[in-house]
Amino acid sequence: MSNMKEPDMAFADAVKAAGGKTLDLCYQCGTCTASCPSGRRTAFRTRQIIRKAQLGLKDDVLGSDELWMCTTCYSCVERCPREVEIVDIILLMRNMAVQKGYMADAHKKIAASLMKGGATVPFGDDMRKLRSGMGLPANPPTTIGNEKGLEEFRKIMRKTGFDKLTGVN
Ligand code: SF4
Ligand code: SF4
């Protein structure tokens, strides 16, 4: 049995059409990998994911855990000698992954927090206590303290399909 992976050049074309037009400019120098703080602690290799996208290795990219390990710090973009829009390319490939039902658990948790309170950072009793202690209203004047606003926000998210895409409601 062959271990050869099937390229899907329509995937590379779709990445370029969706905004990653600089994908082909990458000449694999590795500066991005060397600059990547996430890659220092994980198996994520920036250069490699860009190469896989160039080669049309769709399943390898969209189904991978590594796709979710970029912190969008932009160190790689600042240093890339070819001005490849690395972060934009990673983000649009994440969008494609979500459309196919792949999403990292940590990102799902953030999506759930957004649907629950209208904020990506969870807000709980500890924060309420801290705010009250500082003489502030326990809830901030955002969707957290505004039920009507929160329901309207949720309605918008449902209309965009965010709940179905992320599996949270
Ligand atoms: S730094 Fe730029 S050119 Fe070099 S490997 Fe990374 S994306 Fe490609
Ligand atoms: S933006 Fe992402 S890929 Fe680039 S250096 Fe930061 S963590 Fe690594």
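Placed above this text is the structure.
These lines cover the structure that appears in this document, whether it is placed above or below. (Residues numbered from 1 in each chain as written. Chains lettered and ligands numbered in written order. Predicted model: local features only at pLDDT ≥ 70, side-chain atom pairs only at ≥ 80, totals over all residues. Heavy atoms only, no water.)

Another point: the environment of L165. Relative to the elements of secondary structure, L165 occurs in helix α10 (residues 162–166). Here L165 falls in the partly exposed class, since its relative accessible area comes to 36%. Put simply, L165 and Q99 are 66 residues apart on the chain and 6.5 Å apart in space, counted from C-alpha to C-alpha. Each residue touching L165, except ones within four places of it in the same chain, is listed here: V98 and Q99. (Helix = DSSP H or I, 4+ residues; strand = E, 2+ residues; numbered from the N terminus. Buried < 20%, exposed > 50% of the residue type's maximum accessible area, 1.4 Å probe, protein only. Contact = heavy atoms within 4.5 Å.)

Right, let's talk about the site of ligand 2 for a bit. Around ligand 2 sit C36, P37, F44, T46, C70, T71, T72, C73, Y74, S75, C76 and V87, and those are all the residues in its vicinity. By residue class, the composition of the shell around ligand 2 is eight nonpolar, four polar and no charged. (Near = heavy atom within 4 Å. Nonpolar A, V, L, I, M, F, W, Y, C, P; charged D, E, K, R; others polar.)

Right, let's get into a nonpolar patch on the surface. On the surface, M127, L130, M134 and L136 cluster together into a nonpolar patch covering about 400 Å² of accessible area. Locating M134 in the fold gives a position in the loop between α8 (125–133) and α9 (147–160). Among the residues examined, M134 registers a relative accessible area of 61% and is labelled exposed. (Patch = residues over 30% accessible without salt bridge, like charges linked within 9 Å, V, L, I, M, F, W, Y side chains within 5 Å. Areas by Shrake-Rupley, 256 points an atom, 1.4 Å probe, with all protein chains shown as cover. Salt bridge = Lys/Arg side-chain N within 4 Å of Asp/Glu carboxyl O.)

To continue, consider the packing of aromatic side chains. Under the counting rule described, the total for this entry stands at zero aromatic pairs. Between R82 and the ring centre of Y27, over which it is positioned, the NZ or CZ distance is 5.1 Å. (Phe/Tyr/Trp six-rings, centres within 6.5 Å; stacked < 30°, edge-to-face > 60°. Lys NZ or Arg CZ within 6 Å of the ring centre and 35° of its normal.)

With that settled, the discussion passes to the site of ligand 1. Looking at ligand 1, there are 13 residues lining it, with C26, C29, G30, C32 and C80 nearest. Tallied by class, residues from the shell around ligand 1 come to eight nonpolar, three polar and two charged.

The values reported here are purely geometric and, on their own, carry no functional implication.
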